[in-house]
Amino acid sequence: MEGILPLWKPKGLTSHDCVFRLRKILHMKRIGHTGTLDPDVTGVLPICLGRATKVAEYITDAGKEYVGEVTIGYSTTTEDRSGEKVEEKEVTETITRERIEAILQELTGTITQTPPMYSAVKVNGKRLYEYARQGLVIERPSRQVTIYSLELIEEWKELKGDIVSFRFKVSCSKGTYIRTLAVMIGEKLGYPAHMSDLSRTRSATFTEKECVTFEELEEYVEKGIVDKLIYPIEDALLHLPKYEINDTLAMKVRNGTVLETPAHLVEEQEPIVIQTTTGEALAIYVQHPTKNGLIKPSKILKILE
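An unreviewed UniProt entry lists the protein under the name tRNA pseudouridine synthase B, with Niallia hominis given as the organism. The Sequence similarities (unreviewed entry) field of the UniProt record for the protein holds the comment "Belongs to the pseudouridine synthase TruB family. Type 1 subfamily."

Caption draft 1: Molecular detail of the packing of helix 1 (residues 15-26) against helix 6 (residues 214-223). Where helix 1 contacts helix 6, the two axes come as close as 10 Å, and the packing angle between them is 15°. Relative to helix 6, the element helix 1 lies roughly parallel. Here helix 1 and helix 6 pass one another in a crossing that is right-handed. When helix 1 is examined against helix 6, the residues Cys18, Arg21, Leu22, Ile25 and Leu26 are found in contact with a partner set consisting of Phe214, Glu215, Leu217, Glu218 and Val221.

Caption draft 2: Up close: the sheet that holds strand 19 (residues 281-287). Here five strands make up an open sheet; going across it, the order is 16-18-19-20-17 and the pairing mixed. Of all strands in the sheet, those with a lone pairing partner are strand 16 (242-244) and strand 17 (259-260), marking the two edges. As defined by bridge partners, strand 17 adjoins strand 20 (residues 294-300) across two bridges and the pair is classed as antiparallel. Across the sheet, residue Leu259 finds its bridge partner in strand 20, namely Ile295.

Caption draft 3: Main features of the environment of Thr94. Of note, Thr94 is situated in the loop between strand 6 (85-88) and strand 7 (95-96). According to the relative accessible area criterion, Thr94 is partly exposed, its value standing at 34%. As a C-alpha pair, Thr94 and Lys160 span 66 residues in sequence and 5.1 Å in three-dimensional space.

Caption draft 4: Looking closely at the packing of helix 3 (residues 97-106) against helix 5 (residues 178-189). Taken N-terminus to C-terminus, the directions of helix 3 and helix 5 make an angle of 125°; their axes are 10 Å apart at the nearest point. When the interaxial angle is binned, helix 3 and helix 5 end up oblique. The crossing of helix 3 and helix 5 is right-handed. For the pair helix 3 and helix 5, contact is made by Arg99, Ile100, Ile103, Leu104 and Glu106 and by Ile185, Lys188 and Leu189, respectively. Looking at the contact of helix 3 with helix 5, its residues break down into five nonpolar, no polar and three charged.

Caption draft 5: Looking closely at unusual backbone geometry. The backbone of His27 sits at a positive phi, close to 55°, despite the residue not being glycine. Along the polypeptide, His27 turns up in the loop between helix 1 and strand 2 (31-33). Of note in this structure, Glu79 is not a glycine but carries a positive phi near 70°. Summarising the element assignment, Glu79 is placed in the loop between strand 5 (74-76) and strand 6.

Caption draft 6: Fine view of the environment of Tyr243. With respect to the secondary-structure elements, Tyr243 resides in strand 16. Taking the C-alpha atoms as reference, Tyr243 lies 9.8 Å from Ile284; in sequence the two are 41 residues apart. Non-local contacts of Tyr243, meaning those with residues more than four positions away in its chain, are made with Leu249, Leu259, Glu260, Pro262, Leu265, Ile272, Val273, Ile274, Gln275 and Ile295.

Caption draft 7: The arrangement of the side chain of Ser171 in detail. With respect to the helices and strands, Ser171 occurs in strand 13 (residues 164-172). When its relative accessible area of 10% is taken as the criterion, Ser171 is described as buried. The residues contacting Ser171, other than those within four sequence positions of it, are Lys64, Glu65, Thr146, Ile147, Tyr148, Ser149 and Arg202.

Caption draft 8: Geometry of the UniProt feature "domain: tRNA pseudouridylate synthase B C-terminal" (unreviewed entry) in the protein. UniProt marks residues 179-237 with the feature "domain: tRNA pseudouridylate synthase B C-terminal" (unreviewed entry), using the numbering shown here. Across residues 179-237, the secondary structure splits into 36% helix and 22% strand, with the terminal C-alpha atoms separated by 28 Å.

Caption draft 9: Here's a closer look at the pattern of salt bridges. Summed over the entire model, instances satisfying the criterion amount to twelve salt bridges. Between Lys299 and Glu57 there is a salt bridge, with its nearest N and O atoms 2.5 Å apart. A residue pair is termed long-range when its members are at least 10 positions apart, and Lys299 in strand 20 and Glu57 in helix 2 (residues 56-60) qualify at 242 residues. Note on Glu57: relative accessible area 37%, which makes it partly exposed. As a salt-bridge pair, Glu101 and Arg97 come within 3.2 Å of each other at their nearest N and O atoms. Of this pair, Glu101 and Arg97 both sit in helix 3, four residues apart, which is roughly one turn of the helix.

Caption draft 10: Structural detail: the nonpolar core. By size, the foremost hydrophobic cluster in this structure holds 51 residues, and its most contacted members are Ile72, Phe166, Val170 and Leu217. The element best represented in this core is helix 5, accounting for six residues. Beyond its immediate chain neighbours, meaning those up to four positions away, Val170 contacts Lys64, Glu65, Tyr66, Ile147, Ser149, Leu150, Ile178 and Leu181. Formed by 21 residues, the second largest nonpolar core is a distinct cluster that contains Ala52, Ile59, Ala62 and Leu237.

Cut-offs applied
- Residues numbered from 1 in each chain as written.
- Predicted model: local features only at pLDDT ≥ 70, side-chain atom pairs only at ≥ 80, totals over all residues.
- Heavy atoms only, no water.
- UniProt positions renumbered as here; feature names shortened; annotations may be inferred.
- Axes fitted to C-alpha atoms, helices over the stretch in contact; angles between N-to-C directions.
- Helix = DSSP H or I, 4+ residues; strand = E, 2+ residues; numbered from the N terminus.
- Parallel < 35°, antiparallel > 145°, perpendicular 65-115°, else oblique.
- Left-handed = near helix turned anticlockwise from the far one by under 90°.
- Contact = heavy atoms within 4.5 Å.
- Pairing = 2+ DSSP bridges.
- Buried < 20%, exposed > 50% of the residue type's maximum accessible area, 1.4 Å probe, protein only.
- Nonpolar A, V, L, I, M, F, W, Y, C, P; charged D, E, K, R; others polar.
- Salt bridge = Lys/Arg side-chain N within 4 Å of Asp/Glu carboxyl O.
- Core = buried A, V, L, I, M, F, W, Y, C linked by side-chain atoms within 4.5 Å.

Pasting the structure below:
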């Protein structure tokens, strides 16, 4: 069994928990997930089965889309609702839609984020959450991420109350912390804030409509038709540029030969999918680091018979 199984991750499980459960359901060991989702977060979690684990990183590195909720009025240790309350400030003013939309526009594009202490980022060989559990707050490197779009998804004109919340949709690059984005929105409003709800609605080209729940998967396994839920490896690479080659060149690709960069991909910085004329992905190539005009293999996906 090989390919991509788009799973709808439920609340209460880590991404690793999902893999552990899938190994039992599918009776196979070679399974990998494509990006950590916190236990409180639901949503699209593409799972790579068998040989498809080779392409997991390309799904992980692709853009994501989320639907979430920001709560203004207090912040937490984890920047989401699972953490302990840190700072509280009563919302004493009316917050208008126009004001929120202006802030969301400010945060669209390339922004700088500092990973939260409760995150899996490593500093000096330890993950930040390990320091946080010891009650330590350490200096951590900021990173640049890209917010492609950020918008409100409910109709309202103004918000009033000691604590207020609103929902949003965001499309972003790899490495974006939506929890931190919620905190940044609050800072621009002048209030402590946290992310009170989050669901990932897209990962690479996989969306909610392609996803299956654990319960649905178990039904398909019981009926012996689980293959109907699995997408080909090629679907995990749809967002990457393609180079279609003939059978003669395919033999060279099989052996890991360095190739000339095709004219339409000379400026391409993304990994390049080398595929047959029938659309079968053979390998992932990248620009050669020292030889201009050449591309070299990063991963061979299929050995031709």
